[in-house]
Amino acid sequence: MKPKSVGIRDVAKHAGVSTASISRTLNNPESVSSELRMRIDAAIAELGYIPDAAARALSSRRTRTIGAIIPTVDNAMFARGIEALQSYLSLQGYLLLLATSGYDPETEARQAQNMASRGVDGLILRGDTHTDALRRLLAAQQIPFINVGVYHPDKPYASVGGDNGAAAWRACRYLIELGHRRIGMVAALTRNNDRAAARVAGVRRALAESGLALRASWYIEVPYHLDDARQGARRLLSSPREDWPTAVVCGNDVIAYGVLLEAERRGLKVPDELSVMGFDDLEWSRHLRPSLTTMHVPTDEVWSRAGEYLVNALSGRQTTLHHEVDVHLVVRESTARPWASGAAHSAGSDMDAQTTQEIFHGDG
């Protein structure tokens, strides 16, 4: 005979409370005392009780599920962010439902509709490039959502991230302070990617403020892959050597890795013959030789705060609509003064790092 499954009445009897107390604890844990929660949690663990998610959803009108739609899983930054988000939501008793869009707003809208049909309580979206259909869906269904990776305090909906334009401006400005005047850029594809577009705009602004410009032949957009980044660097360095830039700003760290690999293949010394600047500060960036100068983005904080915003909003607690994280410059070995000799770079590296911290660090 099939053994009898453990039900809510069994848990109530074991904990010495009413079934109503069990329901309140499961559906709205903030409404009961911590002592009662601990007693009921202990009874659930001891009996091996598994709550009926469908029944809980009907009674509370909540599924305790958060949806997140990211462009791709083939990205170390997204993987780290999702891990941080999953860890936070799990502690809050929420399940994470994940989907990808391939940087296609139409696909993102369809995925959001699928998630809404499955009763997600809230949505986390990457950036702010969304279709009108998606915006109408969120408004009609009254689904709380937050945009991650951007900071838009002028918008009426939530966002958490850095100011991509300002951060890219700082990255380029650092190279200008080192003395570079011939600066190129290998950017991520800007179509349907407002973060990449903002970084390009920030670099152009920094150059323009110094009376410089981003030459057409020194600007290349590539997909987010090492091979494509290497091909982009190959195109950038295909002209005669006297026409090369002395420094390259990359749209993200993976693109920077591709540029470093291509420079090595060509026998170029980084940073003596070519300075390379990244963006994101992935784990590998500090382990490379030369280690990568880059803009540090606190990925864990961005995604954890996104989860925190939705959990607080769904619980009726007051929460901040917009949060800007600190994106700051990390000076390592891949940048130096233009065409510096090894000796000159060694003598000036400490001074450059100190000057950079004084100019750039701590201004958010």
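A few points on the structure. Note that the coordinates shown come from a computational prediction; the quantities given were computed from them, not determined experimentally.

Okay, the overall build of the chain next. Scanning the chain from N- to C-terminus turns up 13 helices and 12 strands. The 364 residues of the chain split such that 48% are buried. Sequence-distant contacts, at least 24 apart, represent 71% of the contacts inside the chain between residues at least 6 apart. When the accessible area of the chain is evaluated, it comes to approximately 17,600 Å², of which 50% is carbon and sulfur surface.

Packing of helix α8 (residues 164-178) against helix α9 (residues 194-209) brings their axes to within 7 Å, and their N-to-C directions diverge by 40°. Regarding the angle of α8 to α9, the classification is oblique. Considering only the axes of α8 and α9, their crossing is right-handed. Counted together, Asn164, Gly165, Ala166, Ala168, Trp169, Cys172, Arg173 and Ile176 of α8 and Arg195, Ala198, Arg199, Gly202, Val203, Arg205, Ala206, Leu207 and Glu209 of α9 form the full contact between these two elements. Residues belonging to the contact of α8 with α9 are distributed by class as follows: 9 nonpolar, 3 polar and 5 charged.

Let us look at the pairing of strand β4 (residues 145-148). Burial along β4 is two-sided: Phe145 and Asn147 facing one way and Ile146 and Val148 facing the other are all buried. Bridge count between strand β3 (residues 122-126) and β4: 4 bridges; the pairing is parallel. Of the residues in β4, the one forming a bridge with Ile124 is Ile146. Taking the sense of rotation as the criterion, the β-α-β connection linking β3, helix α7 (residues 132-141) and β4 turns out right-handed. Pairing between β4 and strand β5 (residues 158-161): 3 bridges, direction parallel.

The geometry of two aromatic rings is summed up by the distance between their centres and the angle between their planes. This structure, assessed with the given rule, holds 1 aromatic pair. Plain terms: the ring middles of Phe145 and Tyr157 are 5.5 Å apart, the flat faces sit at 35° to each other, and that makes the pair tilted. Taken together, the residues span a long stretch of sequence, with Phe145 in strand β4 and Tyr157 in the loop between β4 and β5 at a distance of 12 residues. The lysine or arginine in question, Arg64, covers the ring of Tyr94, its NZ or CZ lying 4.4 Å from the ring centre. The cationic tip of Arg199 hangs over the ring face of Phe279; the distance from NZ or CZ to the ring centre is 3.7 Å.

With that settled, the discussion passes to the packing of helix α1 (residues 8-15) against helix α3 (residues 34-47). Following both chains from N to C, one finds α1 and α3 inclined at 120°, their axes separated by 9 Å at the closest point. What the angle tells us is that α1 and α3 run oblique. Helix-helix and strand crossings are classified by hand; for α1 and α3 the assignment is right-handed. Contacts between α1 and α3 involve Asp10, Val11, His14 and Ala15 on the former and, on the latter, Arg39, Ile40, Ala43, Ile44, Glu46 and Leu47.

About the cut-offs
Residues numbered from 1 in each chain as written. Predicted model: local features only at pLDDT ≥ 70, side-chain atom pairs only at ≥ 80, totals over all residues. Heavy atoms only, no water. Helix = DSSP H or I, 4+ residues; strand = E, 2+ residues; numbered from the N terminus. Buried < 20%, exposed > 50% of the residue type's maximum accessible area, 1.4 Å probe, protein only. Contact = heavy atoms within 4.5 Å. Areas by Shrake-Rupley, 256 points an atom, 1.4 Å probe, with all protein chains shown as cover. Axes fitted to C-alpha atoms, helices over the stretch in contact; angles between N-to-C directions. Parallel < 35°, antiparallel > 145°, perpendicular 65-115°, else oblique. Left-handed = near helix turned anticlockwise from the far one by under 90°. Nonpolar A, V, L, I, M, F, W, Y, C, P; charged D, E, K, R; others polar. Pairing = 2+ DSSP bridges. Right-handed = clockwise from strand over helix to strand, strands pointing away. Phe/Tyr/Trp six-rings, centres within 6.5 Å; stacked < 30°, edge-to-face > 60°. Lys NZ or Arg CZ within 6 Å of the ring centre and 35° of its normal.

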